[in-house]
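Okay, here's what each chain looks like letter by letter:
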Amino acid sequence: MTVKKILPIFFALLIAANTAIAADSPLIGPTAPVVTAPKKEKAPDKDNKEEIIPLALPECVRMALANNLDISIERLNPVISKAGILTAQGTFDPTFKTTGSYSQDNYPTIIDSPTATISKAGSYEISLNQTFSPGTQASILTNSADDMTTDNNFQDQYNTFVGFALTQPLLRGFGTDINLAPIRIAQRGLKAADAGFVYRVEQIITNVNTAYYELLYNRGKVTAQQKALTLAEQLLKDNKAKVAIGTMSQLDISEANSEVATRRGELRQAERAVLDQENAIKLLITFEVSLWLNKRIDPTTQPPDDWEPPQVVSSIDTGLRNRSDLTQAKHQLEENNIQVTVNQNQTLPTLNVSGAYGYSGLSSDWVRSYSRVANADNDTWSIGATLTIPIGDRTDRGNLDAAKAKREQALLNVKKIEQSIIVEIDNAAGQVTTNIERVKDARVARQYAEETLNAEQEKLNAGRSTSFVVLRLQRDLTDARVTELRAVADLQEALSELTRVQGLSLKENNIYLESTQSPPGIH
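In this report, we go over the structure that sits alongside the text. On a predicted model such as this, the values are computed, not experimentally measured, just so you know.

Criteria and cut-off values
- Residues numbered from 1 in each chain as written.
- Predicted model: local features only at pLDDT ≥ 70, side-chain atom pairs only at ≥ 80, totals over all residues.
- Heavy atoms only, no water.
- Helix = DSSP H or I, 4+ residues; strand = E, 2+ residues; numbered from the N terminus.
- Contact = heavy atoms within 4.5 Å.
- Axes fitted to C-alpha atoms, helices over the stretch in contact; angles between N-to-C directions.
- Parallel < 35°, antiparallel > 145°, perpendicular 65-115°, else oblique.
- Left-handed = near helix turned anticlockwise from the far one by under 90°.
- Nonpolar A, V, L, I, M, F, W, Y, C, P; charged D, E, K, R; others polar.
- Pairing = 2+ DSSP bridges.
- Phe/Tyr/Trp six-rings, centres within 6.5 Å; stacked < 30°, edge-to-face > 60°.
- Buried < 20%, exposed > 50% of the residue type's maximum accessible area, 1.4 Å probe, protein only.
- Lys NZ or Arg CZ within 6 Å of the ring centre and 35° of its normal.

**A word on the environment of Ala228**
Then, number 1: Residue position: Ala228 is located in helix H5 (residues 181-244).
Then, number 2: For the pair Ala228 and Glu259, spaced 31 residues apart in the sequence, the C-alpha separation amounts to 9.4 Å.
Then, number 3: Ala228 has contacts with Arg263 and Thr478, leaving out every residue within four places of it along the chain.

**Focus: the packing of helix H10 (residues 394-461) against helix H11 (residues 467-501)**
Then, number 1: Running from N to C, H10 and H11 point in directions that differ by 160°, and their axes come no closer than 7 Å. With respect to each other, H10 and H11 are oriented roughly antiparallel. As for the relative orientation of H10 and H11, their crossing is left-handed in sense.
Then, number 2: By residue class, the composition of the contact of H10 with H11 is 24 nonpolar, 7 polar and 13 charged.

**Focus: the pairing of strand S7 (residues 350-363)**
Then, number 1: Bridge analysis of strand S5 (residues 158-169) against S7 gives 12 bridges, and the strand direction is antiparallel. Within S7, the residue paired with Thr167 across the bridge is Ser354.
Then, number 2: Bridge count between S7 and strand S8 (residues 379-388): 10 bridges; the pairing is antiparallel. Bridge pairing links Ala356 to Ser382 in S8.

**A short note on the packing of aromatic side chains**
Then, number 1: Under the criterion given, the structure shown has 3 aromatic pairs.
Then, number 2: Summarising the aromatic geometry, the rings of Tyr212 and Tyr213 are spaced 6.2 Å apart at their centres and angled 85° between planes, so their arrangement reads as edge-to-face. Just as Tyr212 is buried, Tyr213 falls in that class too.
Then, number 3: Over the ring of Tyr217 we find Arg486, and its NZ or CZ is 4.2 Å from the ring centre.

**Points about unusual backbone geometry**
Then, number 1: The backbone of Ala376 shows a phi angle near 55°, a positive value even though the residue is not glycine.
Then, number 2: Along the chain, Ala376 falls in the loop between helix H9 (366-374) and S8.
Then, number 3: Owing to a relative accessible area of 37%, Ala376 belongs among the partly exposed residues under this scheme.
Then, number 4: Within the chain, Asp393 stands out as a residue other than glycine whose phi angle is a positive 55°.
Then, number 5: By the secondary structure assignment, Asp393 is in the loop between S8 and H10.
Then, number 6: On the accessibility criterion, Asp393 (13% relative accessible area) is buried.

See below:
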């Protein structure tokens, strides 16, 4: 079998093989989960005054997921990363190319002679080009040139070619690992963006929990201050009655008046703290805070009354499996590994083999020239190789060294995050355990403070105590009530933080992540 007969078969097989490889190549890999956004919350009519909005904690979380601006901003990062995949895939899009030219040359036939030969030429080329994942570049092309000179009395002479050409790198730029690397890097960038989105959602959920329990604490503090003011006002009333009958002095009224004024000021301060905390929640759960300025939030979820100390070891295992920031760091490490492979390949010499095969036709008529091509009487073929060896190659070697250093950084960052997770979970679990005991101790202290005040009040009524002592015990009881409220709030916030550092915020709040969409959102 002659070389002319072998070459067409060889090129046909090469194109078929590249097409099959490209079809198998994971141009679009699996995408990490993100979510579908619910419809934005509509705030109540802003014309209403002091409207009370009952809100349970799960409802606040749902509103935050739909309306929080930080989540809305972070939600677009997966969309941007997904567009990066599309950009990287564009390398394998076929291209259609057409060129045309016309030229005229006048050149003398004899030295110092005014006589000149005139040459006119027009040409065009049309090609369809495709790059395949192993690095193969294939083209199907046709061209035609019309040469007219004084020698042929400017008669048309069409030289037409139809065929294909292939170029295959054998060293630099060879293989699917190299040519699909930008797509695979972009895919891991999408997964990292998805993980970053999940991490931000988990932070917002924790922030909503913290703000909610802070609101409960401040509202409880208002109640405690109201009770303290009521006690002080009752004592003032009793003292005035006793002064009137001569069993107490004016000093007792002054002490009671001072206590009433102090308690009233503390109540105002506590009421202001409630309003500030409501605004903190509104900022987290609403898209337009201005629509909620005249709305009051009534938190309807009360904290549970029984708690179990967490198991630190199992919590750490859970965190290392589920933390989205660790997942994000691992995807970044995968990106760096791919980049090192690419940069290693770029340090190789360039060795490309190329070949072309086709048929030519020549005629004074353009259509007839193509008819003669179709007769396949005049085949044309070529084969060759190009070798390029960079001298020094400092640019590529520098890029490889930098890629290796970045990979080492990414690996150390994964280790750093793992260590941080262990410490965060240990601290969060310790805070939960400590706050459980704080709640128990604060509850006992409050109960004893109530008993002590009641006993001292009876002694005062019997004339065996003083207003000064009773006022001090009233303050002690108020402090004990606030301390208990603070311990309960700290415990709930610590539990929420422990959930977050274990990577369980989505699961605990029944949030389901769907496949990547544009734009992503949340169920």
